Structure formats: structure tokens, C-alpha cells
Amino acid sequence: MRTYKNTEQLWNMIGSGEKIVLVAHTNPDGDAIGSISAMYHYLKQTGKTAVMMVPNAFPDFLSCLDPADSRIRIYRNGPQECNDILAEADLIICMDMSGPSRIDEMSDAVFQGSSAKRILIDHHLNPVTDPFDIVISDTEVSSTCELLLSLILESEDINGDIAKVNLDCATSVAAGILTDTNNFANSIFPSTLERASLLLKRGVDRDALYNSIFCSYSASRMKLMGYLLSEKMEIIQGGSVAFITLDKAEKDKYSYCTGDSEGFVNLPLKISEVQMSALLTEDDGFVKVSLRSKGDLDVNLFARQYCNGGGHRNASGGRLYMKISETAAYFTASIAEYFKKA
Ligand code: 5GP
Ligand code: MN
């Protein structure tokens with residue numbers, strides 16, 4: 001099992017933190033919420049408390065991970081109060097984010113408006129490490145939650161014994177692994193299954209978690225999925241690339257809520273010839289790009305070169321600063337150029 005060289009330093013720094021803030025990325029997913037809530041529950045067990053904070057709202061299906069005794073703060077709902085908390089913090093732990101740009105308008109308060117020590121725990125490629133006092137980065141894991149569980153197991157008080165990890169912490173870790181692997185379909189490493197096995201042993205209710213994460217959709221979300229697949233999916237580049245655009249009018253028509261398009265980008269990859277899939281979603285002032293690929297096709301490179309973004313080889317994202325109506329032409333041309341270069 002992998003061990004990390006600065007684990008002792010990590011737990012020492014956390015041990016001396018008194019006003020701790022746990023931060024994860026914009027448009028939080030299961031791994032983002034899972035990692036901050038898992039850390040919260042673990043710290044609680046060691047007698048410490050922490051404030052959790054994310055830039056904007058997370059989808060409803062993740063509210064089962066939001067600790068009842070200390071709700072996750074949404075920066076956009078009260079920036080002033082959050083700025084004050086960050087300014088007073090003596091330790092900020094950033095998780096599941098490759099750098100300051102992943103927390104948008106919260107970034108100034110975290111990286112400039114606070115003299116706190118900063119820790120990064122992350123599994124993305126090319127993390128920005130400068131603003132952190134300790135960086136624990138591993139891209140050979142399924143998720144930040146998997147990485148965090150390894151770190152917790154290496155802590156002095158847990159000492160490798162999963163039975164000593166409280167069930168809320170274990171459940172949050174499992175949620176992050178379940179979502180980032182898309183229910184164990186991708187990003188699986190030997191350590192992922194070993195960790196998952198420990199979580200089951202610990203008593204995590206996988207069926208309940210599966211139902212809350214993967215079977216909690218609204219009827220309008222299912223209809224939107226059907227509409228996008230039948231009316232909006234375009235296949236280009238000789239059949240190897242599929243993309244879907246989703247504009248605001250369509251979002252309104254299908255009563256779109258945060259998280260409703262989660263997983264849509266994976267669907268076109270079920271077509272045998274399709275090697276890469278993109279979902280382009282109109283947001284406020286930009287178009288959000290989600291990219292997925294099969295095998296060796298590197299969407300991280302594509303995201304960095306053409307979409308102001310990044311991520312992992314098979315799952316990346318970014319933003320386009322243009323009208324949604326212009327994105328299909330831009331995307332098609334960019335794909336042609338990218339494949340020609342490759
Ligand atoms: P998703 O498509 O689920 O939003 O994002 C997939 C992955 O792409 C994320 O886990 C993250 O690594 C990366 N990602 C998404 N959006 C951005 C972005 O705007 N910038 C960067 N650098 N990475 C992103
Ligand atoms: Mn993640």
C-alpha cells in the first residue's frame with residue numbers, strides 16, 4: 001500500500017491548527033464534498049472542529065454528506081462572513097482542487113486575505129503548489145477521498161485500523177470514491193478496491209449510498225437527458241467525437257437544478273466508435289466544458305490548450321468565454337486541429 005512521505009508533517013500541522021477551514025472546488029461534486037466532510041468527521045473524532053466552505057451550491061443528492069451539526073458554508077451566499085472566517089483562520093486545508101483558479105471568487109480570501117498556513121490534498125494532474133505549506137498530491141488514486149483515507153489510516157491515532165475510523169467519515173470517503181469512479185467504472189487502481197473493501201468492512205451502507213447518489217434524479221432531469229441524446233448529440237471527427245450543447249432556455253424548459261447534468265457527458269462514450277465526449281453548458285458569463293475520453297486519448301491536454309481548463313487524462317473540464325451559439329463551431333474546429341496535431 002502506498003505511503004506518503006510528509007504524512008507526519010501533515011498531521012502535526014493539523015494537530016496545531018486551532019481555527020481550521022476545509023475548502024473544496026467550485027461546482028462541488030461527490031469527491032469535493034466527500035473529502036471536506038470526511039476530514040471534518042475525522043477531526044471531530046480527534047477533538048477538533050473545522051468550518052467547511054465551498055464557492056457555490058452543491059447538488060441536492062450530496063446533502064446526505066452535509067454534517068447536521070455544522071453545515072457546509074456556501075461562499076456565494078454570504079461572502080463577507082466567509083471572508084471573516086478565512087481571515088481569522090490559522091489553517092486552511094484545500095482538497096480536490098488543483099489550484100487557486102478552481103475556487104473562483106473565493107480564491108482572494110483563501111490565498112491573499114488570510115495569513116493561515118495552507119495544505120493541499122489533491123489527485124489532479126499539474127497542481128499549483130506554490131501557495132501551500134504542505135502538498136500531498138497523488139494522481140494514481142481514484143479520488144481525493146481515497147487519498148485522504150490513506151492519510152487517515154497513516155495517522156498516529158488510527159494506525160492502520162479501519163475500525164477506529166468513525167462511520168460518518170468512512171461514508172463520506174465512500175461517497176467520493178463512488179462518484180469519482182462513476183460507481184467503479186473508471187479511475188480504478190489496486191489501492192481503490194483495497195480501500196473500498198476496508199470501507200465495506202467498516203460498515204458503510206453501499207446500497208443506501210448508491211441509491212442516494214445514483215437513484216435520486218427528478219423526472220425533469222431524466223427528460224432533459226432523453227432530449228439531449230435524441231435532439232442535441234452531434235457526432236464529428238469521423239464518428240470518434242461526440243458533443244452536446246445545453247443552453248439556458250433548455251435549462252429553464254427542463255427546470256434545471258445544480259447537478260442535473262452530472263454524468264451526461266459519459267453517455268456518448270457508450271457508442272463503440274466514440275473515443276471522446278464533450279458537454280458544453282451555458283452558465284453566467286461563460287460556457288462550462290466537460291470532457292471525457294476512452295483509453296489513451298488525452299482530454300487534459302485538450303482542456304488546457306482549447307478550453308482554459310485541465311483535469312485528468314480521461315476526465316477534464318474548462319470554460320469558454322463566448323456565446324453558447326458559437327461553441328459548436330469553435331469546438332468542431334478545435335477538435336479538427338487537435339486530432340491533426342496528434
Ligand atoms: P467535470 O466535467 O466533472 O466538471 O470535471 C471533470 C474534471 O475536470 C474535474 O475533476 C477537474 O479535474 C477538471 N476540471 C473541471 N473544470 C475545470 C476547470 O475549469 N479548470 C480546471 N483546471 N480543471 C477543471
Ligand atoms: Mn476528485
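Residues numbered from 1 in each chain as written. Chains lettered and ligands numbered in written order. Predicted model: local features only at pLDDT ≥ 70, side-chain atom pairs only at ≥ 80, totals over all residues. Heavy atoms only, no water.

J.: Help me understand the domain arrangement of the chain in this model?
T.: The parts lose accessible area when they come together, and the size of an interface is often stated as this lost area. If you check the domain split of the chain, you get domain 1 (7-214) and domain 2 (219-341). Centre-to-centre separation of domain 1 and domain 2, based on C-alpha positions: 27 Å. Domain 1 puts 11 residues into the contact, and the matching count from domain 2 is 10 residues. For the pair domain 1 and domain 2, the two sides together bury roughly 840 Å², of which 49% comes from carbon and sulfur. At the junction of domain 1 with domain 2, the criterion picks out 1 salt bridge. Of the charged contacts in the structure, one is a salt bridge between Asp104 and Arg319, with a shortest N-O distance of 2.9 Å. Counting every contact that joins domain 1 to domain 2 gives 3 residue pairs in polar contact (both at pLDDT 80 or more). Looking at the side of domain 1 that touches domain 2 residue by residue, the class counts come to 4 nonpolar, 6 polar and 1 charged. (Domains from an automatic or database assignment. Contact = heavy atoms within 4.5 Å. Buried area = accessible area lost by both parts, 1.4 Å probe. Salt bridge = Lys/Arg side-chain N within 4 Å of Asp/Glu carboxyl O. Polar contact = N/O pair within 3.5 Å; in protein donor to acceptor, adjacent residues only side chain to side chain. Nonpolar A, V, L, I, M, F, W, Y, C, P; charged D, E, K, R; others polar.)

J.: Explain the site of ligand 1 here, please?
T.: Near ligand 1 you find 13 residues, and of these His124, Lys288, Ser290, Arg292 and Ser316 are the closest. The contact in question runs from an oxygen atom of ligand 1 to an N or O atom on the side chain of Ser290, over 2.6 Å. Contact between ligand 1 and Arg292: an oxygen atom at 2.8 Å from a side-chain N or O atom of the residue. Relative to its free-state accessible area of 490 Å², ligand 1 is covered by the protein chains to the extent of 83%. Contributing elements (two or more residues each) for the shell around ligand 1: strand E10 (287-293), strand E11 (310-311) and strand E12 (315-320). Split into classes, the residues belonging to the shell around ligand 1 amount to 1 nonpolar, 9 polar and 3 charged. (Near = heavy atom within 4 Å. Areas by Shrake-Rupley, 256 points an atom, 1.4 Å probe, with all protein chains shown as cover. Helix = DSSP H or I, 4+ residues; strand = E, 2+ residues; numbered from the N terminus.)

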